[in-house]
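Listed here are the chains, written in short residue letters.
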Protein chains: 2
Amino acid sequence: MRDVTTAATTPTRNRRNRRAEILEAAARLFAARGFHGVSIEDIGGAVGVSGPALYRHFSGKDALLAEMLLDISSRLRESAVAVATSATDPRQALDALLNVQITFAIEQPALISVHDRELGNVPEPQRRQIRRLQRLYVEEWVTVLAELHPACPAARLRAATHAVFGLLNSTPHSAGELPERDMRPLLHTMAKAAIDAAVSVR
Amino acid sequence: MRDVTTAATTPTRNRRNRRAEILEAAARLFAARGFHGVSIEDIGGAVGVSGPALYRHFSGKDALLAEMLLDISSRLRESAVAVATSATDPRQALDALLNVQITFAIEQPALISVHDRELGNVPEPQRRQIRRLQRLYVEEWVTVLAELHPACPAARLRAATHAVFGLLNSTPHSAGELPERDMRPLLHTMAKAAIDAAVSVR
DNA sequence: CATGGATGTTAGTCATCATTAACGTAGTCG
DNA sequence: CGACTACGTTAATGATGACTAACATCCATG
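Everything quoted here is computed from the prediction, not taken from an experiment.

Enquirer: Just checking my understanding: could you explain the relation of the copies chain A and chain B for this structure?
Expert: The operation linking the two copies of the chain is a rotation about an axis combined with a translation along the axis. Each copy of the sequence occupies a distinct position, and chain A is placed on chain B by a rotation of 180° and an axial shift of 0.1 Å, giving an RMSD of 0.1 Å. When the rotation and shift are considered jointly, the pair of chain copies conforms to a two-fold rotation axis. In this assembly, 100% of the residues forming the interface of chain A have copies in chain B that are likewise at the interface, indicating an isologous arrangement.

This is the structure:
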């Protein structure tokens, strides 16, 4: 994700994708030290500009965070919808959902961390929308699970879904324990088993 | 946890356990808004005193956080050691470890949240010790799992352990989805299944 | 009763920080 | 060329916040 569309325009440094570059750096910093633990200066410094330059790209620190969370929530939700519409049977859909979440967790650990820690710092107008997207994402999971196990009460499916997110999103914490090559199938296996256990009886 | 040992000394309010009261309130606030998102004033306010009164009990905000994390890490570790020494067979030990973690996650959600988010804000001398306790706690789990599945590589067991913590610690997020009566066995079942799946070959 | 320690209170002090102002520079396009 | 736009820069400015000082109270104990 260093130089994607650029790489041709400038000899000294990157240009254009400053916005994206800032969002990425900010995500890393927020994940490491928390929203309030990071200053505008820090973020600027991380992309080679200094401080108030950020205001050329974002209306403020809050707005930056809001855009970050809005972006990840939308992408997760979109992916889930895509899965739901394209999958032929629910079992396959569940596998695909697992892969979506695992991919995000492994490839964007910082974003995932920020996503489930910093919602409280997003100002009210946009917080509502992010919450909505998150809710819709969960509901995609619950819908698939309900098709697989119609007898299981929805509340239980929702709780199980949250637990599985916790399991999958643990990746940022256990960073480096295992190479991605092994981590990915391990998470998939564990999550699947956890779900099966959750919906079977009792 | 409102009035434990007190209740006899004062008609107006609590006395003595101010320290504990402060730690508890701070945990709740840190969990909700993050270490830097909470002011000394906020913490004081939450226990009915105002601001600098805290310095009568703690040498500073950092020290307060450090003590909080040190306390929970020790308690977790101690419980795990107790389990390991008292259990007769590893299967039973694993069940007991699961119950320990589930109990903490359900009864002290704030502490658990802070525990795996705010370590980075603890000053260096004590951070090392907390990390050490956390590592020892994980190793208790790994040891038990290794007894159950000697063929499974330790790295995989460690990764699986972290994943299970993620699953169990998701409780604070899905707060209220399900009553504790149902949540507790659900988490136990899911975690057990996830572990079994993790250690069975591939 | 006087003294001292534990616990609070309010009014600074000094940093840090988000945000704004005022002011360049480069390249684009008319 | 000229001027507009996109992006940066370095100084304010104004809040907020951690921590300290100076000053009560309460209560136990000699």
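Enquirer: For this particular structure, what's the right way to read the interface of chain A and chain B?
Expert: A common way to state how big an interface is: give the accessible area lost once the parts meet. If you look at the interface, chain A gives 30 residues, while chain B gives 30 residues. Summing both sides of the interface, chain A and chain B together bury roughly 2500 Å²; the carbon and sulfur share of this comes to 72%. It is Glu 177, Leu 186 and Met 190 of chain A that lose the most area in chain A upon contact with chain B, and together they represent 20% of the buried surface on that side. For the pair chain A and chain B, the number of links is 2 salt bridges. With its nearest N and O atoms 3.8 Å apart, the salt bridge here joins Arg 158 of chain B to Glu 177 of chain A. Seen at the junction of chain A and chain B, the total is 2 residue pairs in polar contact (both at pLDDT 80 or more). For the side of chain A that touches chain B, the residue count by class is 16 nonpolar, 8 polar and 6 charged.

Enquirer: Would you mind going over the packing of helix α7 (residues 154–168) of chain B against helix α8 (residues 180–199) of chain B with me for this structure?
Expert: Working note: a packed helix pair is described by the angle between its axes plus the distance between those axes. All names here are of chain B. Look at α7 against α8: their axes get within 10 Å of each other, and the N-to-C directions meet at 160°. Taken together, the axes of α7 and α8 are roughly antiparallel relative to one another. The crossing of α7 and α8 is right-handed. Contacts between α7 and α8 involve Arg 156, Leu 157, Ala 160, Val 164, Leu 167 and Leu 168 from the former and Leu 187, Met 190, Ala 191, Ile 195, Ala 198 and Val 199 from the latter. Class assignment for the residues of the contact of α7 with α8 results in 11 nonpolar, no polar and 1 charged.

Enquirer: Would you take a moment to explain the pattern of salt bridges for this structure?
Expert: Pairing is possible between side chains that carry opposite charge, provided their charged atoms lie close to one another. On inspection of all chains with the given rule, the structure shows 20 salt bridges over all chains. The salt bridge partner of Asp 95 of chain B is Lys 192 of chain B, with a shortest N-O separation of 3.5 Å. Of this pair, Asp 95 of chain B sits in helix α4 (residues 90–107) while Lys 192 of chain B sits in helix α8, and the two are 97 residues apart along the sequence. In this structure Asp 95 of chain B comes out as partly exposed when scored by relative accessible area, which is 28%. Since its relative accessible area comes to 24%, Lys 192 of chain B is described here as partly exposed. One salt-bridge network, held together by shared partners, links Glu 124, Arg 127 and Arg 128 of chain A.

Cut-off values and rules
Residues numbered from 1 in each chain as written. Chains lettered and ligands numbered in written order. Predicted model: local features only at pLDDT ≥ 70, side-chain atom pairs only at ≥ 80, totals over all residues. Heavy atoms only, no water. Least-squares fit on C-alpha atoms with pLDDT ≥ 70 in both. Contact = heavy atoms within 4.5 Å. Buried area = accessible area lost by both parts, 1.4 Å probe. Salt bridge = Lys/Arg side-chain N within 4 Å of Asp/Glu carboxyl O. Polar contact = N/O pair within 3.5 Å; in protein donor to acceptor, adjacent residues only side chain to side chain. Nonpolar A, V, L, I, M, F, W, Y, C, P; charged D, E, K, R; others polar. Axes fitted to C-alpha atoms, helices over the stretch in contact; angles between N-to-C directions. Helix = DSSP H or I, 4+ residues; strand = E, 2+ residues; numbered from the N terminus. Parallel < 35°, antiparallel > 145°, perpendicular 65-115°, else oblique. Left-handed = near helix turned anticlockwise from the far one by under 90°. Buried < 20%, exposed > 50% of the residue type's maximum accessible area, 1.4 Å probe, protein only.

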